[in-house]
Structures are given as structure tokens and as C-alpha cells.
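Structural features, examined
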Amino acid sequence: RFKKEGANSTAMTQERIDTLNSLKFAWTTRTAWDNMFDQLKEYKRKHGDCLVPNKYPEDQVLGNWVLSQRAEYRKFKARKRSELTPERIEAMN
């Protein structure tokens, strides 16, 4: 963000942005979704598919995450509010 005038001003000036850019500052951070997606890719590398069981004994969190992603995808396809974005769907395809 650039410096704004008024009550809602921020201290992020173009000079500070340029300084951070010169340091190769990471403007985006990895999310929990990104971390789980990496785990799913690792599962696929090991097993050859993304058919993680709901009660996957080696990683129950991954099994639950995949289950919730499938539910979110069904909501997305039904045009209901979903946590999945078109970008995330594309990444999983």
C-alpha cells in the first residue's frame, strides 16, 4: 500500500516498498491451504493418486483436509459460498 493522506494513513511509502523489494522481501506468505496442498502432492508422489482416505491412518489431518476440499468443490460447483477459489481449483486439476 502507498501512503495515504488523512486519518487512515499508512507509513508504507514508495521508498519503503522499494527498499523491501531491493531485499527480495516476500510480499505474499504461504497459507495453511498451500501447506496442505503440498502434503497432497507428496501423497500423490508416493501413491500415484489423490484418493486420500477420509480416515488416512498416516495423516488424519490430510484425510480430513481432502474431504473438506471435496465438499468445498461441490459448493463451488453449485454456486454456493465456498472457500475454494478458481485458482486453487486450477492448481488441483
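Residues numbered from 1 in each chain as written. Predicted model: local features only at pLDDT ≥ 70, side-chain atom pairs only at ≥ 80, totals over all residues. Heavy atoms only, no water.

**Remarks on the packing of aromatic side chains**
All told, the structure shown has four aromatic pairs when counted by the stated rule. Between Phe 25 and Trp 27 the ring centres are 4.8 Å apart and the planes differ by 75°, which places this aromatic pair in the edge-to-face class. By relative accessible area, Phe 25 is classed as partly exposed at 40%. (Phe/Tyr/Trp six-rings, centres within 6.5 Å; stacked < 30°, edge-to-face > 60°. Buried < 20%, exposed > 50% of the residue type's maximum accessible area, 1.4 Å probe, protein only.)

**Some remarks on the nonpolar core**
Counting 12 residues, the largest nonpolar core consists of Trp 33, Met 36, Phe 37, Leu 40, Tyr 43, Val 52, Tyr 56, Leu 62, Trp 65, Val 66, Leu 84 and Ile 89. For this core, the elements supplying multiple residues, two or more each, are helix H2 (32-47) and helix H3 (60-77). Considering every element that reaches this core, the biggest residue donor is H2, with five residues. What Trp 65 contacts, discounting residues up to four positions off in sequence, is Trp 33, Met 36, Phe 37 and Leu 40. (Core = buried A, V, L, I, M, F, W, Y, C linked by side-chain atoms within 4.5 Å. Helix = DSSP H or I, 4+ residues; strand = E, 2+ residues; numbered from the N terminus. Contact = heavy atoms within 4.5 Å.)

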